[in-house]
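# Summary of structural features
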There are 2 protein chains.
Amino acid sequence: MARRKKYKFPKTTIERLSYYFRALEDLSKRGIDTVSSEALGGKLNIKSSQIRKDLSYFGDFGKRGMGYDVKYLLKELKYILGLDREWSVVIVGAGHIGAAMANYDSFRKRGFNIAAIFDNDEKKIGKEINGSPILPYDNIDDFVKQNKIEMAIIAVPAAAAQAVADKLVESGVTAILNFAPVAVQLDENVRCLSVDLTTKLEALAYYMSYSQDKLWKIYS
Amino acid sequence: MARRKKYKFPKTTIERLSYYFRALEDLSKRGIDTVSSEALGGKLNIKSSQIRKDLSYFGDFGKRGMGYDVKYLLKELKYILGLDREWSVVIVGAGHIGAAMANYDSFRKRGFNIAAIFDNDEKKIGKEINGSPILPYDNIDDFVKQNKIEMAIIAVPAAAAQAVADKLVESGVTAILNFAPVAVQLDENVRCLSVDLTTKLEALAYYMSYSQDKLWKIYS
DNA sequence: CGGCGTATGTTAAAATTTTCACATGGGTGA
DNA sequence: TCACCCATGTGAAAATTTTAACATACGCCG
Ligand SMILES: NC(=O)c1ccc[n+]([C@@H]2O[C@H](COP(=O)([O-])OP(=O)(O)OC[C@H]3O[C@@H](n4cnc5c(N)ncnc54)[C@H](O)[C@@H]3O)[C@@H](O)[C@H]2O)c1
Ligand SMILES: NC(=O)c1ccc[n+]([C@@H]2O[C@H](COP(=O)([O-])OP(=O)(O)OC[C@H]3O[C@@H](n4cnc5c(N)ncnc54)[C@H](O)[C@@H]3O)[C@@H](O)[C@H]2O)c1
């Protein structure tokens, strides 16, 4: 499909491409139309050689002696990251996290459309959050199938997460962002990323206790 | 301070220790008092050798032929992770993310006390979330000093994040969990972890576009 | 139009992290 | 008590990822 020079590269590269993309958007907004790997790295606390290597896995985007054309690189990264299209997403769990995600307009700007939110709490069903309806969890299967939903965000309590994930996958979802603090077991052709906020706090606690360990990247 | 056999180990080890801790809590609740690295790994999708190595950086916690005593390992991990004490935390930004974090009781159970939430929105000041008062952002300096706050959660818009971080550090905070999508520039003796939800979604989009890449860990 | 400064893309080396393989030692039961 | 089983802890190998170094190419300026 998309351009790619090498077939193997670090998993962390994709994460960094996303950072590059955002930083470039910022530069673009500020009217800057050329940037060197050195300058971009300074902004993100990432070594310039790392940036050049990451980009080199996908193509030759820069001009020697000159750096990178911001708009051009943005376009390429958009393509590489799969952001040149719309993604239909459902959120399961209309609680705090689910609501936060539904209210975050930057997702929509990036092409992630929150088609609906599902919950099993009668009191929430029928309302809407930021324009997305809250629907009965029991209808999720039909909805996902009919609307060809590919991505889902799980924001239900840990105890319910595995069952929700199973139902989602059965309905046809193939990518899941999971906020529940459990290791969801899934078929290997389903992509699942977990966001674990407790772990982050605990890691901070560890590093507070052992101040001799100075090992941080701005990203993680 | 705490026990540690080797002085160098992967950064990812700490993250995993946190997963082990949570999985062990679960086992403990269910009345299981011994576990092998193999069984624990199965629960978390982590190789048993990885678990044994991670633990070996800090001590000999298991019994050969037997596995690990759940309660004992929990106690040790609690100590290692710095969870055997209370942490006073402030949240900056009483928006969606700030509210979600303040409402999450598991943090309190783990020893993270949300001492206060700060905001510059007149309409929010004076209210409280889950027992924590929302105070004027202008008072944050005094509050942090007087209450010896060490940790902070930044949940303000990206544009304000750097200024907030600077103010926090100036007031004495030395650990920050940052939700704003910017690389905050900090003195190297301040620990900062960022949670970047946009990046996670974008990474999912990438892997949806390139289904040939099957490379997932349950954690990330 | 050709030399010079500059920043890329790449190759090779270094560093880090994971995985393997197995010797080691604790517990159990005969 | 002793032999046997089992899962740990570890040292060495493999795999992955980052960093360094530099030859290469581009554009500008004189
Ligand atoms: N809030 C935080 O800051 C935070 C931090 C770390 C982890 N998490 C995790 O994120 C997840 C969501 O947290 P939250 O704070 O939004 O929880 P919440 O309690 O605010 O919301 C959960 C929602 O899920 C709904 N729900 C429960 N079971 C369901 C089911 N089977 N099907 C459909 N809907 C169901 C509930 O009605 C509720 O609306 C939880 O797993 C939690 O552990 C949250
Ligand atoms: N909501 C999400 O799902 C989501 C997803 C990705 C990233 N984020 C990031 O997390 C951060 C918080 O997001 P949110 O959705 O909670 O935003 P929000 O708009 O709901 O809340 C922001 C809060 O910060 C307060 N605030 C603004 N400037 C301030 C300042 N200088 N000092 C003190 N308070 C100030 C506002 O009054 C508001 O209450 C943002 O940086 C956002 O980009 C949020």
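Quick caveat: nothing in here was measured; it's all calculated off a predicted structure. (Residues numbered from 1 in each chain as written. Chains lettered and ligands numbered in written order. Predicted model: local features only at pLDDT ≥ 70, side-chain atom pairs only at ≥ 80, totals over all residues. Heavy atoms only, no water.)

## Concerning the packing of helix 1 (residues 11–29) of chain A against helix 4 (residues 70–81) of chain A
When two helices pack together, their arrangement is given by the angle between their axes and by how far apart the axes lie. Residues and elements named next belong to chain A. What counts, and what does not: For helices, the fitted axis covers only the stretch in contact; all axes are lines through C-alpha atoms, and the angles between them, taken along N-to-C directions, range from 0 to 180 degrees. Per the convention used, a helix needs a DSSP run of H or I reaching at least four residues, while a strand needs a run of E reaching at least two, with both numbered from the N terminus. Here a crossing is called left-handed whenever its near helix is offset anticlockwise from the far helix by less than a right angle, and right-handed whenever the offset is clockwise. Whether two residues are in contact is decided by their heavy atoms, any of which lying within 4.5 Å being enough. When residue character is reported, Ala, Val, Leu, Ile, Met, Phe, Trp, Tyr, Cys and Pro are called nonpolar, Asp, Glu, Lys and Arg charged, and the others, Gly included, polar.
Close contact between helix 1 and helix 4 brings their axes to 9 Å; oriented N to C, the two are set at 145°. Considering only the axes of helix 1 and helix 4, their crossing is left-handed. Judged by residue contacts, Ile-14, Leu-17, Ser-18, Tyr-20, Phe-21, Leu-24, Glu-25, Leu-27 and Ser-28 of helix 1 engage Val-70, Lys-71, Leu-73, Leu-74, Leu-77, Lys-78, Ile-80 and Leu-81 from helix 4. Taken together, the residues of the contact of helix 1 with helix 4 sort by class into 12 nonpolar, two polar and three charged.

## Some thoughts on the site of ligand 1
The criterion, for reference: Proximity is defined per residue: if any heavy atom of the residue lies within 4 Å of a molecule or strand, that residue is considered near it. N or O atoms within 3.5 Å of each other form a polar contact, as long as, within protein, one can give a hydrogen and the other can take it, and as long as residues adjacent in sequence are counted only when both atoms are side-chain atoms. Here the open area of atoms and residues is found with the Shrake-Rupley method and a 1.4 Å probe, where only the protein chains shown may cover a residue.
Ligand 1 sits among 23 residues. The nearest are Ile97(A), Asp119(A), Lys124(A), Val156(A) and Tyr104(B). The site occupied by ligand 1 is bordered by residues of chains A and B. One nitrogen or oxygen atom from the main chain of Phe179(A) is found 3.4 Å from an oxygen atom belonging to ligand 1. The protein chains hide 85% of the 820 Å² of surface that ligand 1 would expose on its own. Listed by contribution, the elements that provide at least two residues to the shell around ligand 1 are helix 5 (96–103) and helix 8 (158–171) of chain A together with helix 5 (96–103) of chain B. Looking at the shell around ligand 1 residue by residue, the classes come out as 16 nonpolar, four polar and three charged.

## Regarding the domain arrangement of chain A
Selection rule: As annotated, the domain borders come from an automatic or database domain assignment.
When its domains are assigned, chain A resolves into domain 1 (12–80) and domain 2 (87–200). If you average the C-alpha positions of domain 1 of chain A and of domain 2 of chain A, the two centres end up 31 Å apart.

## Topic: unusual backbone geometry
Residues and elements named next belong to chain B. Here Asn-45, not a glycine, exhibits a phi torsion of approximately 60°, which is positive. Residue position: Asn-45 is located in the loop between helix 2 (37–44) and helix 3 (48–56). A positive phi angle, near 50°, is found at Asn-130, a position not held by glycine. Along the chain, the position of Asn-130 falls in the loop between strand 6 (128–129) and strand 7 (132–136).

## Comments concerning the pattern of salt bridges
Selection rule: The salt bridge criterion pairs a side-chain nitrogen of Lys or Arg with a carboxyl oxygen of Asp or Glu, the two atoms within 4 Å. Each residue is assigned to one of three classes by its accessible area relative to the maximum for its type, calculated with a 1.4 Å probe on protein chains only: buried under 20%, partly exposed between the two thresholds, exposed over 50%.
Going through the model one piece at a time under the given rule, you end up with 18 salt bridges over all chains. The shortest N-O distance in the salt bridge between Arg85(A) and Glu150(A) comes to 2.7 Å. Of this pair, Arg85(A) sits in the loop between helix 4 and strand 4 (87–92) while Glu150(A) sits in the loop between helix 7 (140–146) and strand 8 (151–154), placing them 65 residues apart in sequence. Arg85(A) sits in the partly exposed class, given a relative accessible area of 35%. A salt bridge links Arg30(B) to Asp26(B); the nearest nitrogen and oxygen atoms lie 2.9 Å apart. Arg30(B) sits in the exposed class, given a relative accessible area of 52%. Among the charged side chains, a salt-bridge network with shared partners connects Glu25(A), Arg110(A) and Glu202(B).

## Some points on the environment of Thr198(A)
Tracing the chain through its elements places Thr198(A) in helix 9 (residues 197–209). In this structure Thr198(A) comes out as buried when scored by relative accessible area, which is 7%. Spatially, the C-alpha atoms of Thr198(A) and Ala116(A) are 27 Å apart, while their sequence positions differ by 82 residues. With near-sequence residues (within four places) excluded, Thr198(A) lies in contact with Arg22(B), Tyr104(B), Phe107(B) and Arg110(B).

## Some words on the interface of chain B and chain A
Where we set the bar: Here's the idea: put two parts together, see how much 1.4 Å probe accessible area each one loses, and the total over both is what we call buried area.
With 73 residues of chain B in contact, the opposing surface of chain A contributes 74 residues. Counting the surface lost from both chain B and chain A, the interface buries some 7100 Å², and carbon and sulfur atoms represent 63% of this. Inspection of the chain B/chain A interface yields four salt bridges. A salt bridge links Glu202(A) to Arg110(B); the nearest nitrogen and oxygen atoms lie 2.2 Å apart. Elements with a contribution of two residues or more to the side of chain B that touches chain A: helix 1 (11–29), helix 2, helix 4 (70–81), helix 5, strand 9 (175–178), strand 10 (191–194) and helix 9 (197–209) of chain B. At 13 residues, helix 9 of chain B tops the list of elements feeding residues into the side of chain B that touches chain A.

## Some remarks on the packing of aromatic side chains
Stated formally: Between rings of Phe, Tyr and Trp, where Trp is taken as its six-membered ring, a pair exists when centres lie within 6.5 Å; planes separated by under 30 degrees are stacked, by over 60 edge-to-face, and by other angles tilted. Placement of a positive charge over a ring is assigned whenever Lys NZ or Arg CZ falls within 6 Å of the ring centre and within 35 degrees of the normal to the ring plane.
With the rule as written, the count across this model stands at 12 aromatic pairs over all chains. For the pair Tyr104(A) and Phe107(A), a centre-to-centre distance of 4.8 Å together with 70° between the ring planes defines the contact as edge-to-face. Ring pairs connect the aromatic residues Phe9(A), Tyr57(A) and Phe58(A), which therefore count as one cluster. The ring of Trp87(B) carries Arg85(B) above its face, with NZ or CZ at 3.5 Å from the centroid.

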